[in-house]
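Summary of structural features
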Amino acid sequence: MTTTLRPSGPEQHGPGGHRSRTYEVCVNSRPVGTIDLGTDERFGPAVGRIRSLRIDEPDRRRGRATVAALAAEEVLRGWRCGRIEVSVPAGAEAARRLVEALGYTERNRNMVKRVPEQPPSLPGESATRPMSEREFATWLAAGKKAYAQDWIDRGVPEDQAWAKSEADHAAQLPDGVRTSGAVLRVLSHRGGDVGTLWISLGGLPDGLDAYVFDVEVAEEHRGRGHGRSLMLLAERECRTAGADRLGLNVFLDNTPALRLYESLGYEPTRYHLFKALV
């Protein structure tokens with residue numbers, strides 16, 4: 001039996017050279033599922049994405065999804081994509097095993113926690129205050145650079161990493177420190193500033209009430225529990241705003257952060273994997 005992809009509609013084109021198309025997965029010309037492909041809006045048209053892949057129940061566990069995913073790689077190579085990305089919901093173990101078997105590597109994951117009604121208090125010698133406009137300008141410049149470097153260090157080309165950093169910060173902080181829903185705080189300990197926190201409230205995907213966009217402890221103050229204090233502060237800000245589900249993203253190789261979030265009760269909701277197209 002031969003498994004192929006058959007276009008189910010015309011190719012769609014968008015600004016900046018982005019493109020997408022949906023295909024039927026066929027076995028000897030018989031439709032058995034669908035696959036939706038597109039270039040990645042976060043990284044540009046040189047990066048492809050499997051946006052969805054579904055095989056009908058009677059045809060599952062017969063290798064149809066594997067062949068469809070491999071055929072998708074060929075389509076994206078034809079679009080001159082050098083990398084392919086895919087996101088897998090937590091709990092979709094079969095899908096995760098499939099992409100890992102095909103050579104995809106997990107880069108980062110989304111996690112979420114239901115915040116307790118009364119989050120623990122900060123340590124007695126720690127305090128917090130709103131970030132000032134002057135502090136915001138310095139913090140933003142450093143944050144953009146660090147965020148871009150996070151992606152560069154994990155194999156994303158520099159131009160794509162910087163474009164993503166600029167776009168993400170512009171989208172989430174359109175009015176700077178006064179952006180509606182943005183909570184920007186400075187943590188101090190024994191009178192000295194030790195870290196910063198940025199969370200967003202409202203208008204978030206996946207039914208989330210709040211999202212941690214950035215937690216940063218000054219290098220000279222790391223390893224002293226201030227990261228945990230900042231996360232407890234995030235929970236308190238979340239509850240103060242009447243929200244109870246707090247989400248975040250963590251890079252898999254950031255072991256200290258991953259262990260911290262797991263120890264605080266965060267659980268994975270989505271895994272993000274990638275593969276070079278050579």
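Described in the following lines is the structure provided in the data block. (Residues numbered from 1 in each chain as written. Predicted model: local features only at pLDDT ≥ 70, side-chain atom pairs only at ≥ 80, totals over all residues. Heavy atoms only, no water.)

**Observations regarding the overall build of the protein chain**
What counts is decided by this rule: Secondary structure follows DSSP: runs of H or I at least 4 residues long count as helices, runs of E at least 2 residues long count as strands, and numbering of each begins at the N terminus. In what follows, a contact means two residues having at least one pair of non-hydrogen atoms within 4.5 Å. What sets the accessible areas is the Shrake-Rupley method with a 1.4 Å probe; for residues, cover comes only from the shown protein chains. We treat Lys and Arg as the positive residues and Asp and Glu as the negative residues; His and chain ends play no part in the count. Working definition for charges: the position is that of NZ of Lys, CZ of Arg, CG of Asp or CD of Glu.
Regarding its fold elements, the protein chain presents 6 helices and 13 strands. Expressed as lengths along the three principal axes of its C-alpha atoms, the size of the protein chain is roughly 70 × 35 × 30 Å. In the protein chain, the proportion of contacts linking residues at least 24 apart, taken out of those at least 6 apart, comes to 62%. Total accessible area on the protein chain is roughly 14300 Å²; 49% of this is exposed by carbon and sulfur atoms. Charge-centre separation for the protein chain: the mean point of 39 positive side chains lies 4 Å from the mean point of 38 negative side chains.

**Topic: the nonpolar core**
Definition in use: Note on terminology: a nonpolar core comprises buried Ala, Val, Leu, Ile, Met, Phe, Trp, Tyr and Cys residues joined through side-chain atoms within 4.5 Å. Think of it in three bands: with a 1.4 Å probe and only protein chains considered, a residue is buried below 20% of the maximum accessible area for its type, exposed above 50%, and partly exposed in between.
By size, the foremost hydrophobic cluster in this structure holds 27 residues, and its most contacted members are Val212, Met231, Leu246, Leu248, Tyr261 and Tyr266. Counting only elements with at least two residues in this core, the list comes to strand 9 (182-189), strand 10 (192-201), strand 11 (210-217), helix 5 (226-240), strand 12 (245-251) and helix 6 (255-263). Filtering out sequence-adjacent residues up to four positions away, leucine 248 remains in contact with Arg109, Asn110, Met111, Tyr211, Val212, Met231, Tyr261 and Tyr266. If you look at the next biggest cluster of nonpolar residues, it comprises 26 residues, including Tyr23, Cys81, Ile84 and Val88.

**Side note on the packing of helix 5 against helix 6**
Convention followed: Axis geometry follows a simple rule: fit a line to the C-alpha atoms, using only the stretch in contact for helices, then measure angles between N-to-C directions, giving values from 0 to 180 degrees. Orientation labels follow simple angle bins: below 35 degrees gives roughly parallel, above 145 gives roughly antiparallel, 65 to 115 gives roughly perpendicular, and whatever is left gives oblique. In a left-handed crossing the near helix is turned counterclockwise from the far helix by less than a right angle, and in a right-handed crossing that turn is clockwise.
In the contact formed by helix 5 and helix 6, the axes pass within 11 Å of each other and the chain directions differ by 50 degrees. Classified by the interaxial angle, the pair formed by helix 5 and helix 6 is oblique. The element helix 5 and its partner helix 6 pack so that their crossing is right-handed. Across the interface between the two elements, Gly227, Arg228 and Met231 of helix 5 pack against Leu260, Tyr261 and Ser263 of helix 6.

**Digging into helix 3 (residues 133-153)**
An α-helical turn contains 3.6 residues, so any two residues separated by three or four positions project in the same direction. Going by this rule: Helices are assigned an expected span. That span is 1.5 Å times one less than the residue count.
Over its 21 residues, helix 3 extends 30 Å from the first C-alpha to the last, a length consistent with the 30 Å expected when each residue adds 1.5 Å. Those residues of helix 3 that sit buried are Phe136, Trp139, Leu140, Gly143, Ala148 and Trp151. Contact partners of the buried residues in helix 3: strand 7 (105-114), helix 4 (158-172), strand 9, strand 10, strand 11 and strand 12. Looking one or two residues past helix 3, glycine 155 carries a phi angle of roughly 95 degrees, positive in sign.

**Points about the pattern of salt bridges**
Where we set the bar: Here a salt bridge means any side-chain nitrogen of Lys or Arg lying within 4 Å of a carboxyl oxygen belonging to Asp or Glu.
Evaluated as defined, the whole model comprises 31 salt bridges. We note a salt bridge from aspartate 59 to arginine 30, for which the minimum N-O separation is 3.1 Å. Of this pair, aspartate 59 sits in the loop between strand 5 (44-55) and helix 1 (64-78) while arginine 30 sits in strand 4 (residues 30-40), and the two are 29 residues apart along the sequence. A residue is classified by how much of its surface remains accessible, and arginine 30, at 41% relative accessible area, is partly exposed.

That is the geometry; function is a separate question.
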